[in-house]
Amino acid sequence: MLSLEIVHALDQNLQEIAADMVRMLSLVRESCQLAKRALIDGDLEAAAQCVENDHRVDALQEELEQKILTVIARRQPAARDLRFLGAMHRALSDIERAGDYAEHVARTGAELATQPQLKKYTDTQRIFVVLSAMIEKTMQAIAEGDVAAARQGLTMDDEIDDLYQQIQRELLTYMMESPKVITTALRLMNVGRYLERLGDHLENVNEHTIFWLTGERL
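By convention here, each chain's residues receive numbers from 1 onward along its written sequence. Side-chain atom pairs in this predicted model are given and counted only at pLDDT of 80 or more, local residue features only at pLDDT of at least 70, and totals for whole chains, interfaces and linings cover all residues. With hydrogens and water set aside, each side-chain value is computed from the structure's full complement of heavy atoms.

A. Fine view of the overall build of the protein. Check the secondary structure of the protein and you find seven helices and zero strands. Every helix listed is a DSSP run of H or I at least four residues long, and every strand listed is a run of E at least two residues long, numbered separately from the N terminus. The secondary structure elements of the protein, listed N-terminal to C-terminal, are α-α-α-α-α-α-α. Once the C-alpha set of the protein is aligned to its principal axes, its extents read approximately 75 × 30 × 20 Å. Accessible surface area values rest on a Shrake-Rupley calculation with a 1.4 Å probe, where residue burial reflects the displayed protein chains alone. For the protein, the exposed surface amounts to about 10,700 Å²; the carbon and sulfur share of it is 50%. Positive charges come from Lys and Arg alone, negative charges from Asp and Glu alone, with His and the N- and C-terminal ends not counted. Think of each charge as sitting on NZ of Lys, CZ of Arg, CG of Asp or CD of Glu. Charge-centre separation for the protein: the mean point of 24 positive side chains lies 1 Å from the mean point of 36 negative side chains.

B. How the structure looks around the nonpolar core. The set of buried Ala, Val, Leu, Ile, Met, Phe, Trp, Tyr and Cys residues whose side-chain atoms join them within 4.5 Å is what this entry labels a nonpolar core. For every residue, the accessible area obtained with a 1.4 Å probe (protein chains only) is divided by the maximum for its type, and the residue is called buried under 20%, exposed over 50%, and partly exposed between those limits. Grouped together as the largest cluster of nonpolar side chains are 64 residues, with contacts concentrated most on Ile17, Met21, Leu39, Phe84, Met88, Ile142 and Leu198. Secondary-structure elements contributing two or more residues to this core are helix H1 (2-40), helix H2 (44-75), helix H3 (79-112), helix H4 (122-144), helix H6 (157-177) and helix H7 (182-214). For this core, the element with the highest residue contribution is H1, accounting for 16 residues. Leaving out residues up to four positions away in the same chain, phenylalanine 84 has contacts with Leu14, Ile17, Ala18 and Trp212. By size, the runner-up hydrophobic cluster in this structure holds five residues, among which are Ala141, Ala150, Leu154 and Ile210. Contact definition: two residues touch when any of their heavy atoms are within 4.5 Å.

C. Summary view of the side chain of threonine 209. With respect to the element layout, threonine 209 can be found in helix H7. For threonine 209, a relative accessible area of 0% puts it in the buried group. Excluding residues that lie within four positions of it along the chain, threonine 209 makes contacts with Met88, Ala141, Ile142 and Ala150.

D. Representation of the packing of aromatic side chains in the model. Side-chain rings of Phe, Tyr and Trp (the six-membered ring for Trp) are treated as a pair once their centres are within 6.5 Å; stacked means planes under 30 degrees apart, edge-to-face means over 60, and tilted covers the remaining angles. All chains considered together, the criterion is met by two aromatic pairs. Ring geometry for phenylalanine 84 versus tryptophan 212: centroids 4.8 Å apart, planes at 65 degrees, classification edge-to-face. On the criterion of sequence distance, the pair formed by phenylalanine 84 in helix H3 and tryptophan 212 in helix H7 is long-range, its members being 128 residues apart. Judged by relative accessible area, tryptophan 212 falls into the buried class, the value being 9%. Ring centres of tyrosine 101 and tyrosine 194 lie 6.1 Å apart, and the angle between their planes is 35 degrees; this geometry places the pair in the tilted category. Within this pair, whereas tyrosine 101 is found in helix H3, its partner tyrosine 194 is found in helix H7, the two being separated by 93 residues in sequence.

Written out as structure tokens, the structure is:
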């Protein structure tokens, strides 16, 4: 009876951790939406909300780190369960960093809000669309233990990388044609870099999830 109770308690702990991981990703998705509004629309309130949202992501990371370590110490999980806990513990820092990069974009958007728009944000808006879909797949992978969703989320980063390179080339052209726009162009190059790194961290989360589900290290 005791062993069954322990197994039941462990299962409940694992479900709670998975749910909290999804909640943390949902907060990052919200941060991305706020960052988009701050950048594209010059929405200063959205930028401030993104900063506040990142505090919630940080707090949830600390809470989950403690919860995972406590479950490992108390329940002594083995095999797949231990792999899940190890993978999610590693994924926490990647999700937290993704939230940080969304905040960086929002802050830069607030700085650019008072200046004339240098260019249309067509490629940047597409990156936001891909990031949203990538987060959805990542959430699905963790919530449902869906390795196919994790692999789909993993491959989405390729489009973000291509868009990032395209943005950088275009901005370099602007700077060469008009030195007056260098400061603004550099800020926009930073935005592209932030979004590219955000995608990289989500890619890492999917790699950790694939390891949990298959034992495969990418």
